[in-house]
Number of protein chains: 2
Amino acid sequence: MKAEIIAVGTEILLGQIDNTNTTFLAEELAGLGIEVYYQSVVGDNPKRLEEALELADQRSDLTVLCGGLGPTDDDLTKQVTAKHVGQELVTDEGGYQNLLVFFEKRERPMTENNRLQALVFKDGESLQNSNGLAVGIFYQTPTGNSYLLLPGPPNELKPMFFNEAIPLLQNHFQTDEQLISRVLRFYGIGESELVTKLADLIKHQSNPTIASYAKPNEVTLRLTVSTTDKNDGKQKLDQMEEVILDRVGDYFYGYGENNSLVEVVVELLKKQKKTVSAAESLTAGSFQAMLGSVSGVSEVFPGGFVTYSETTKEQLLNLDSKMLEKYGTVSKECAEAMAIQAKKLAHSDFALSFTGVAGPDSLEDQKAGTVWIGLATEEGVESYLYHFTRNRNYIRHSAVMTGLDLLRKKLIK
Amino acid sequence: MKAEIIAVGTEILLGQIDNTNTTFLAEELAGLGIEVYYQSVVGDNPKRLEEALELADQRSDLTVLCGGLGPTDDDLTKQVTAKHVGQELVTDEGGYQNLLVFFEKRERPMTENNRLQALVFKDGESLQNSNGLAVGIFYQTPTGNSYLLLPGPPNELKPMFFNEAIPLLQNHFQTDEQLISRVLRFYGIGESELVTKLADLIKHQSNPTIASYAKPNEVTLRLTVSTTDKNDGKQKLDQMEEVILDRVGDYFYGYGENNSLVEVVVELLKKQKKTVSAAESLTAGSFQAMLGSVSGVSEVFPGGFVTYSETTKEQLLNLDSKMLEKYGTVSKECAEAMAIQAKKLAHSDFALSFTGVAGPDSLEDQKAGTVWIGLATEEGVESYLYHFTRNRNYIRHSAVMTGLDLLRKKLIK
């Protein structure tokens, strides 16, 4: 089957925003075994969109359109595609209720143009939007051309794709075969190193397939098996997982697409009914802010300190000024004292400390990227020296992720 | 003039790499006054590339191709395009010398396939590669169709575009006109509201043109004037800026593409030799982490507190437990006490406090999005109530940005 992706939006055409939706969709469709042969972008222009649809009909079985489902005059993907395939637009009940609830909550009147977002094809299938207002559409013509219309904002498009589009596509384009995926998450190993360690598996992959994805400081592997029998598929995934973890299990921290190192750490803390605090210098609150991104973290995180200057290290954490003078703030001694004091003052079970050189300039004769991380536990305190690279923000982010992983390893011991 | 961009590469088609070249080229071409009407991606497949070229000939005057100029079997952009326009491939002397030098320096023999990278069109113009080996090509057919072939690696494509392609394009497509841009940055107004307030200007824009760009919690406007006289251009930009700021100047905070609200605030603090601290509840360190993202912030930011739980509000900030019991932590009283104590304990000139409901659940019977921000100054303390919307992280981000803007307004008073 041949698929193509058409992103609609003048702002993409002019290079004002990155076309990340197309990259996302291409990768996901490939994961479903649907091959993308063409990608294109057209502006908010009905004539050119119509031309793009005509071209797509000639060369592709499935056309995925993203963008242009909103309420303004610019948004015309639905209207143009409906006309192109001869479909009447009707109001989707679920989408309309969603609209009403949205405006009621905000105590704002719903302007007429918003209704457009609930319009769908008369003979199509609707895809509900869990994170916005525009309803998505799937439609297959009697002659077998299929169209999938998705909203432009990535935070709407992605959940709609995962929750609504994947089952639909599997339903329409798969035989008895179904695809089962499993995502393995790794921290502390680069993508190229991971891929090198699994080179033979990746080279000879067929079923399951193995795809790697790199994010800052993280790599995920997605294993996908095509099978007619769920149990058989699960077994194949188990076997492949075992072979992979046998080689790189030290870096494995969790499963699933919607997961992250911080969520795994918060979950472990909750299960063990433990709390964590922090004293942050170069990270300036980033570690605690990341904890704060997890809903329900208040159970395990009471709070902590940002001690950016030497003075606040003394004043807020009661660190000994003579110790700081002797060893400097970028030191094992300072990191350990920070962690001990944060644990004590915030009455937590664990406390992490971060002190180092975010850069670009050196500090206390130590190069940018030099970072000490301390970890205070009920048994005592430990500390580790790192040399991170790249720019200021990458160094700070690396420190935060490393701190999370230190805590995770302590929790699973 | 109509232009289109064709990115060549199977790895883009499969979503394995982001198509950043197209975004870059689209934005740069727009800056040169060359309008991009279509973008597309084709894999490393001669037949589909030939089809894309045929289509481009029908609808565009200039076709910019990127990728596929390398030495391997996959790289076929040059060969397919040469055949398409009936051009013979010949060796470019500069490109060939570049190859020889490259392999001599590395003391490695040059394999035969590398010569391909120095091949150019017999009647075209060559674009030298300052950062790699593949030579770029510009060619105009007798009937007026133009082709620009650029290498795929962004670190080769960008310098070649700036140093070699821009003069060529200006030479072929421009008169004496040059484009001068100015970026205005706004905070606290949504893109749709800003655009509505400037609707007549935007509708009748011609020279300068006005383009708006939305980012989370921020909007920028880029004014671009086309002129043969720099001073005249600057004057036109000044006049347009004056008209715009007359209407929405309350939200204007700075100039330039590489700028941000936090950088403006840190700059103001530095100039006035003032310091800021913070006590953060729902934002959990995000405000301080954002300050920490600015290099050199240590001059103006000593540190502060993350007081996520009620207990840490009492223990770390010495807040009165009776006051907290009476008013709750999501209250004017709590926000003001937090700011006052943070200022006092961190010995800073200003302190901000953030307390509220990040969600998704309610807290103390207050809805997610309810946020109090306190600002302690040398004159006293003030506090403000907000109702932010969307999800947990957007609410936290909105609070941080609003806090920055409160401080900025205080500093410019």
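The rules behind the values
- Residues numbered from 1 in each chain as written.
- Chains lettered and ligands numbered in written order.
- Predicted model: local features only at pLDDT ≥ 70, side-chain atom pairs only at ≥ 80, totals over all residues.
- Heavy atoms only, no water.
- Buried < 20%, exposed > 50% of the residue type's maximum accessible area, 1.4 Å probe, protein only.
- Helix = DSSP H or I, 4+ residues; strand = E, 2+ residues; numbered from the N terminus.
- Pairing = 2+ DSSP bridges.
- Axes fitted to C-alpha atoms, helices over the stretch in contact; angles between N-to-C directions.
- Parallel < 35°, antiparallel > 145°, perpendicular 65-115°, else oblique.
- Left-handed = near helix turned anticlockwise from the far one by under 90°.
- Contact = heavy atoms within 4.5 Å.
- Buried area = accessible area lost by both parts, 1.4 Å probe.
- Salt bridge = Lys/Arg side-chain N within 4 Å of Asp/Glu carboxyl O.
- Polar contact = N/O pair within 3.5 Å; in protein donor to acceptor, adjacent residues only side chain to side chain.
- Nonpolar A, V, L, I, M, F, W, Y, C, P; charged D, E, K, R; others polar.
- Core = buried A, V, L, I, M, F, W, Y, C linked by side-chain atoms within 4.5 Å.
- pLDDT = per-residue confidence, 0-100.
- Domains from an automatic or database assignment.

A. Quick look at the pairing of strand S15 (residues 350-356) of chain A. All names here are of chain A. Of all 7 residues in S15, 7 are buried, a share of seventy percent or more. Neither face of S15 is left uncovered, since the one carrying Phe350, Leu352, Phe354 and Gly356 and the one carrying Ala351, Ser353 and Thr355 both have all their residues buried. Direction of pairing for strand S13 (residues 276-280) relative to S15: parallel, over a ladder of 5 bridges. By the bridge assignment for S15, Ala278 is matched with Leu352.

B. Summary view of the packing of helix H3 (residues 46-59) of chain A against helix H4 (residues 77-85) of chain A. All names here are of chain A. The geometry of H3 relative to H4 is characterised by a closest axis approach of 10 Å and an angle of 50° between their N-to-C directions. Classified by the interaxial angle, the pair formed by H3 and H4 is oblique. Like other packed secondary-structure pairs, H3 and H4 cross with a definite hand, here right-handed. Residue-level inspection shows Pro46, Leu49, Glu50, Leu53, Glu54 and Asp57 of H3 in contact with H4, the latter providing Thr77, Val80, Thr81 and His84.

C. How the structure looks around the sheet that holds strand S17 (residues 381-387) of chain A. Taking strand neighbours across the sheet as the criterion, the 10 strands line up as S17(A)-S16(A)-S15(A)-S13(A)-S14(A)-S14(B)-S13(B)-S15(B)-S16(B)-S17(B) in an open arrangement whose pairing is mixed. The open sheet terminates on both sides in strands that have one partner only, identified here as S17 of chain A together with strand S17 (380-387) of chain B. Strand-to-strand twist of the sheet, defined as the mean angle between neighbouring strand axes without regard to direction, takes the value 15°. With 2 bridges connecting them, S13 of chain A and strand S14 (residues 303-307) of chain A associate as parallel partners. Paired with Glu280 of chain A across the bridge in S14 of chain A is Val306 of chain A. Lying on the sheet, helix H12 (residues 310-317) of chain A is in contact with S13, S14 and S15 of chain A together with strand S14 (303-307) of chain B; it crosses S14 of chain A at an angle near 145°.

D. A look at the interface of chain B and chain A. Contacts between the two partners involve 58 residues from chain B, matched on the other side by 54 residues from chain A. A buried area of about 4,400 Å², summed over both sides, lies between chain B and chain A, and 54% of it is on carbon and sulfur atoms. On the chain B side of the interface with chain A, the three residues burying the most area are Leu13, Gln39 and Tyr308 of chain B, jointly 13% of the side's total. Scanning the region where chain B abuts chain A turns up 0 salt bridges. One can count 31 residue pairs in polar contact (both at pLDDT 80 or more) joining chain B with chain A. No other element matches strand S2 (residues 35-42) of chain B, which puts 7 residues into the side of chain B that touches chain A. Tallied by class, residues from the side of chain B that touches chain A come to 26 nonpolar, 24 polar and 8 charged.

E. Spatial organisation of the nonpolar core. Ranked by size, the top nonpolar core spans 76 residues in total, and within it Leu291 and Leu407 of chain A together with Leu291 and Leu407 of chain B carry the most contacts. Counting residues in each nonpolar core, the second largest holds 55 residues, with Ala3 and Leu127 of chain A together with Ile12 and Leu168 of chain B among its members.

F. Local environment of the confidence of the model for chain A. In the predicted model, chain A carries a mean pLDDT of 91, and 98% of its residues have values of at least 70. Interface confidence for the predicted complex, expressed as ipTM, amounts to 0.73; the pTM equals 0.73.

G. Inspection of the domain arrangement of chain A at higher detail. Residues and elements named next belong to chain A. Once the domains are mapped, chain A shows domain 1 (2-172), domain 2 (178-255) and domain 3 (261-412). Each of domain 2 and domain 3 has a C-alpha centre, and these two points are 32 Å apart. Facing the 7 residues of domain 2 at the interface are 10 residues of domain 3. Both faces combined, the contact of domain 2 with domain 3 buries some 730 Å², and carbon together with sulfur accounts for 54% of it. Counting across the domain 2 and domain 3 interface gives 0 salt bridges. Counting across the domain 2 and domain 3 interface gives 2 residue pairs in polar contact (both at pLDDT 80 or more). Split by residue class, the side of domain 2 that touches domain 3 holds 4 nonpolar, 1 polar and 2 charged.

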